[in-house]
Amino acid sequence: MTNTLFVVSECAPLVKTGGLADVAGALPGALAQHGVAVRVLLPGYRTVMRQIGKPKVVARYRNLFGGSAKLLACKVAGIDLLILDAPHLYDRDGAIYGDATGADWPDNAERFAALCKVGAMIAAEGVDGWTPDIVHGHDWQAGLTPEYMHALGVTTPFVFTIHNIAFHGNTDAGALHALGLDPARFTSENFEFWGQISALKAGLVGAAKINTVSQTYAEELLTPEFGIGMDGILRARQADLSGIVNGIDLDTWNPATDPNITPYKSPTGKAANKRALRKTFGLGPADGPLCVLVSRLTEQKGIDLLLDALPALLEHGGQLALLGSGDPKLEIALLEAADRHENLSVKIGYDEALSHRMMAGGDVILVPSRFEPCGLTQLYGLRYGTLPLVALTGGLADTVINASPAALARGVATGIQFFPITAQSLANAFVRLMDLFNDSKTWKAMQRNAMKQPVGWETSAAAYNDIYTNLIAARG
Ligand SMILES: Nc1ncnc2c1ncn2[C@@H]1O[C@H](COP(=O)(O)OP(=O)(O)O[C@H]2O[C@H](CO)[C@@H](O)[C@H](O)[C@H]2O)[C@@H](O)[C@H]1O
């Protein structure tokens, strides 16, 4: 039995802004099959505190970055949680990373340093009769954990997973004292990055093993274009870097049992869901494919490329139902485009149940991202027979089999990929899509292929378990 402590800033179903939460929520269950007992250390945001009932207090901290705090143990949705209840850091209105206007909380450095520090203390002393053999941090919010472990003299191996390298968690050097970091280690070999404290770099430097969420993204990260300043460090650590593709929760995302939809086992069952979805989005009947897109609306996700390429879809009988929220400029541009095109319907917001109905009712799931470490919505799409049309990058390259002549001849295609990642090549992909969609025999075969593709956690959980076991064996 291996004990693993996850240090992570979000975890589904309790609190989610994106794919990180899905992974933190699903991977523990998958690892349990391999004899790994995961406990997830999570900030006690107001929304989390409301969902955990009466947990057990397992530790108290008199002064954790300016206030007292408690560590609470509880189980929600089968996940063993350790909730850091620090009201001065987490009990506030607004979102988990920022206020209602979208601005980051000014004390985010302290908020997540506190999480890392408690992670390190758990590794040092154990908690609730439980001590981790492995500490596994996710993204910059967990990056300082190995620094605090080092300060406490803890040698438990630290595994670091990069879900999105675009966020570095940088802070001014003046915060060294406030964060309780050792000024002697504020060097380019450790966590100094262009004169700032970088939580992400601390994680990359301090990890025994680093991984990201697909093999292609692991390779892309070694280039300046994708590494966003961290490519040099990652090249230096290449021997310890791997790519492990994400899975999805096969119970939550199961078209045969999904309570949000009219359940189906074969692609023909999608028709009723498609009718319902058109109604929800106010779209009329059309000859072309009904595309769906569910996403945070950011530059990463290529929404601007999509806006430019859309006529190639909409003017040839295709439709798009889009659900998302994020960058206000993109939200406005999408709403304006929806006013102009009757075959485009946009809902701004976050709606988990609707996202299920979109997977069930859509013909095609669009993921035109500029970069995508793994991506989850194309995996949902595969499972629901909703064929992915994706940019050829990161996990989208690894999980979709492009309908190339060779793949079609072998009968293995599951979707469409486009490259280079430009509006023009996306528009060309829409033209290819129309041809494929009109060839109903090929389309149905692709849907069947898609629904058969393994998209669960089985193989990837085994890969994480291998990392843990090798690190533990190497310690002796
Ligand atoms: N408006 C909305 N309503 C309902 N649901 C919505 C929504 N907007 C987004 N979602 C949901 O949020 C999740 C997004 O996950 P992704 O993996 O696609 O991207 P994200 O960039 O957040 O994750 C980062 O981390 C994950 C996990 O490693 C990587 O897969 C990914 O490449 C990386 O960028 C999906 O479950 C999606 O359905």
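The rules behind the values
- Residues numbered from 1 in each chain as written.
- Predicted model: local features only at pLDDT ≥ 70, side-chain atom pairs only at ≥ 80, totals over all residues.
- Heavy atoms only, no water.
- Helix = DSSP H or I, 4+ residues; strand = E, 2+ residues; numbered from the N terminus.
- Rg over C-alpha atoms; globule rule 2.2 N^0.38 Å.
- Buried < 20%, exposed > 50% of the residue type's maximum accessible area, 1.4 Å probe, protein only.
- Contact = heavy atoms within 4.5 Å.
- Areas by Shrake-Rupley, 256 points an atom, 1.4 Å probe, with all protein chains shown as cover.
- Lys, Arg positive; Asp, Glu negative; His and termini not counted.
- Charge placed at Lys NZ, Arg CZ, Asp CG, Glu CD.
- Axes fitted to C-alpha atoms, helices over the stretch in contact; angles between N-to-C directions.
- Parallel < 35°, antiparallel > 145°, perpendicular 65-115°, else oblique.
- Nonpolar A, V, L, I, M, F, W, Y, C, P; charged D, E, K, R; others polar.
- UniProt positions renumbered as here; feature names shortened; annotations may be inferred.
- Domains from an automatic or database assignment.
- Buried area = accessible area lost by both parts, 1.4 Å probe.
- Salt bridge = Lys/Arg side-chain N within 4 Å of Asp/Glu carboxyl O.
- Left-handed = near helix turned anticlockwise from the far one by under 90°.
- Pairing = 2+ DSSP bridges.
- Core = buried A, V, L, I, M, F, W, Y, C linked by side-chain atoms within 4.5 Å.
- Near = heavy atom within 4 Å.
- Polar contact = N/O pair within 3.5 Å; in protein donor to acceptor, adjacent residues only side chain to side chain.

**Q** Is there a simple way to explain the overall build of the protein in this structure?
**A** The helix and strand inventory of the protein stands at 19 helices and 18 strands. The C-alpha radius of gyration of the protein comes to 23 Å, within 12% of the 23 Å expected for a compact globule of 476 residues. In terms of principal-axis extent, the alpha carbons of the protein reach across some 65 × 45 × 45 Å. Out of the 476 residues belonging to the protein, those deemed buried represent 59%. Here the analysis covers contacts within the protein between residues at least 6 apart in sequence; of these, 69% occur between residues at least 24 apart. If you sum the accessible surface of the protein, you get close to 19300 Å²; carbon and sulfur atoms cover 52% of it. Put simply, the protein has 39 plus and 46 minus side-chain charges, and the middle of one group is 7 Å from the middle of the other.

**Q** I tried to follow the packing of helix 17 (residues 423-438) against helix 18 (residues 440-452) on my own but got confused; where do I start?
**A** The packing of two helices is summarised by the inter-axis angle and the distance between the axes. Relative orientation of the contacting elements helix 17 and helix 18 amounts to 95 degrees, with a least axis distance of 5 Å. Considering their axes alone, helix 17 and helix 18 lie roughly perpendicular with respect to each other. Of the residues in helix 18, those touching helix 17 at Leu 433, Leu 436, Phe 437 and Asn 438 are Ser 440, Thr 442, Trp 443 and Met 446. Across the contact of helix 17 with helix 18, the residue classes break down as five nonpolar, three polar and no charged.

**Q** Could you clarify how one ought to interpret the environment of Leu 144 in this entry?
**A** By the secondary structure assignment, Leu 144 is in the loop between strand 6 (134-138) and helix 5 (145-151). A sequence separation of 133 residues divides Leu 144 from Cys 11, and the C-alpha atoms of the two residues are 19 Å apart. Beyond its immediate chain neighbours, meaning those up to four positions away, Leu 144 contacts Ala 113, Cys 116, Leu 181, Ala 199 and Ala 202.

**Q** Quick question: what am I supposed to make of the UniProt feature "domain: Glycosyl transferase family" (unreviewed entry) in the protein here?
**A** Feature annotation in UniProt assigns "domain: Glycosyl transferase family" (unreviewed entry) to the following positions: residues 287-450. Note that residues 287-450 is 49% helix and 20% strand, and that its end C-alpha atoms are spaced 22 Å apart.

**Q** Explanation requested: the domain arrangement of the protein in the structure shown.
**A** The extent of an interface is frequently quoted as the accessible surface area lost upon association of the parts. What the domain assignment lists for the protein is domain 1 (2-247 + 457-475) and domain 2 (267-452). One C-alpha centre belongs to domain 1, the other to domain 2; they are set 32 Å apart. On the domain 2 side, the residues contacting the 17 residues of domain 1 number 17 residues. Of the roughly 1300 Å² buried at the junction of domain 1 and domain 2 (both faces included), carbon and sulfur atoms supply 58%. For the interface between domain 1 and domain 2, the tally reads one salt bridge.

**Q** Quick question: what am I supposed to make of the packing of helix 10 (residues 270-281) against helix 13 (residues 352-361) here?
**A** Packing of helix 10 against helix 13 brings their axes to within 7 Å, and their N-to-C directions diverge by 125 degrees. Between helix 10 and helix 13, the angle falls in the class oblique. In the packing of helix 10 onto helix 13, the handedness of the crossing is left-handed. Two secondary-structure elements touch here, helix 10 through Lys 270, Asn 273, Lys 274, Leu 277, Thr 280 and Phe 281 and helix 13 through Leu 354, Arg 357, Met 358, Met 359, Ala 360 and Gly 361. A breakdown of the residues in the contact of helix 10 with helix 13 according to their chemical character gives six nonpolar, three polar and three charged.

**Q** Would you mind showing me how to read the pattern of salt bridges here?
**A** Following the criterion strictly, the structure yields 16 salt bridges and no others. A salt bridge links Asp 93 to Arg 46, with the shortest nitrogen-to-oxygen separation between them at 2.6 Å. With a gap of 47 residues between them, Asp 93 in the loop between helix 3 (87-90) and helix 4 (108-125) and Arg 46 in helix 2 (residues 46-49) connect regions that are remote in the sequence. Arg 46 gets classed as partly exposed once you look at its relative accessible area, which sits at 26%.

**Q** Even after reading the chapter, I still don't get the sheet that holds strand 13 (residues 290-297), so can you show me in this structure?
**A** Backbone-to-backbone hydrogen bonds join strands into a sheet, with any given pair of strands oriented parallel or antiparallel. The six strands lie next to each other as 15-14-13-16-17-18, forming an open sheet whose pairing is parallel. The open sheet has two edge strands with one neighbour each: strand 15 (344-348) and strand 18 (416-418). The mean angle between the axes of side-by-side strands here comes to 20 degrees, regardless of whether they run parallel or antiparallel. The pairing of strand 14 (residues 319-326) with strand 15 spans five bridges and is classified as parallel. Each bridged residue has a counterpart across the sheet, and for Gly 324 the counterpart in strand 15 is Ile 348. Across the sheet, helix 17 lies against strand 13, strand 16 (364-367), strand 17 (387-391) and strand 18, angled at about 160 degrees from strand 18, the strand it touches most.

**Q** Help me out: how do you make sense of the nonpolar core in this one?
**A** Note that soluble globular proteins tend to have their nonpolar side chains buried in a common cluster. In terms of nonpolar packing, the biggest core is built from 168 residues, with Leu 41, Leu 71, Leu 84, Leu 234, Leu 320, Leu 389 and Phe 430 touching the most fellow members. Here this core gets eleven residues from one element, more than from any other, and that element is helix 4. In this structure, this core is formed jointly by two domains, domain 1 (2-247 + 457-475) and domain 2 (267-452), each of which donates at least three residues. Apart from residues lying up to four places away in sequence, Leu 71 is in contact with Leu 41, Lys 56, Val 57, Val 58, Ala 59, Tyr 61, Leu 82, Ile 83, Leu 84, Val 118, Ile 122 and Val 127.

**Q** For this particular structure, what's the right way to read the side chain of Thr 156?
**A** The residue Thr 156 is located in the loop between helix 5 and strand 7 (158-162) in this model. Judged by relative accessible area, Thr 156 falls into the buried class, the value being 9%. Discounting residues that sit within four places of it in the chain, Thr 156 has contacts with Ala 123, Pro 132, Asp 133, Ile 134, Val 135, Met 149 and Arg 475.

**Q** Explain the site of the ligand to me, please; I cannot follow it from the model alone.
**A** Close to the ligand lie 28 residues; His 163, Arg 296, Gly 349, Glu 372 and Tyr 380 are nearest. One of the side-chain N or O atoms of Tyr 380 is found 2.7 Å from an oxygen atom in the ligand. Protein contacts shield 97% of the accessible area of the ligand, which totals 710 Å² for the unbound molecule. Looking at the shell around the ligand, the elements with two or more residues in it are helix 1 (19-32), strand 13, strand 14 and helix 14 (377-383). A total of four residues in the shell around the ligand trace back to one element, the largest contributor, which is helix 1. Of the residues contributing to the shell around the ligand, the split by class is ten nonpolar, eleven polar and seven charged. Viewed by domain, the shell around the ligand spans two of them, domain 1 (2-247 + 457-475) and domain 2 (267-452), each represented by three or more residues.

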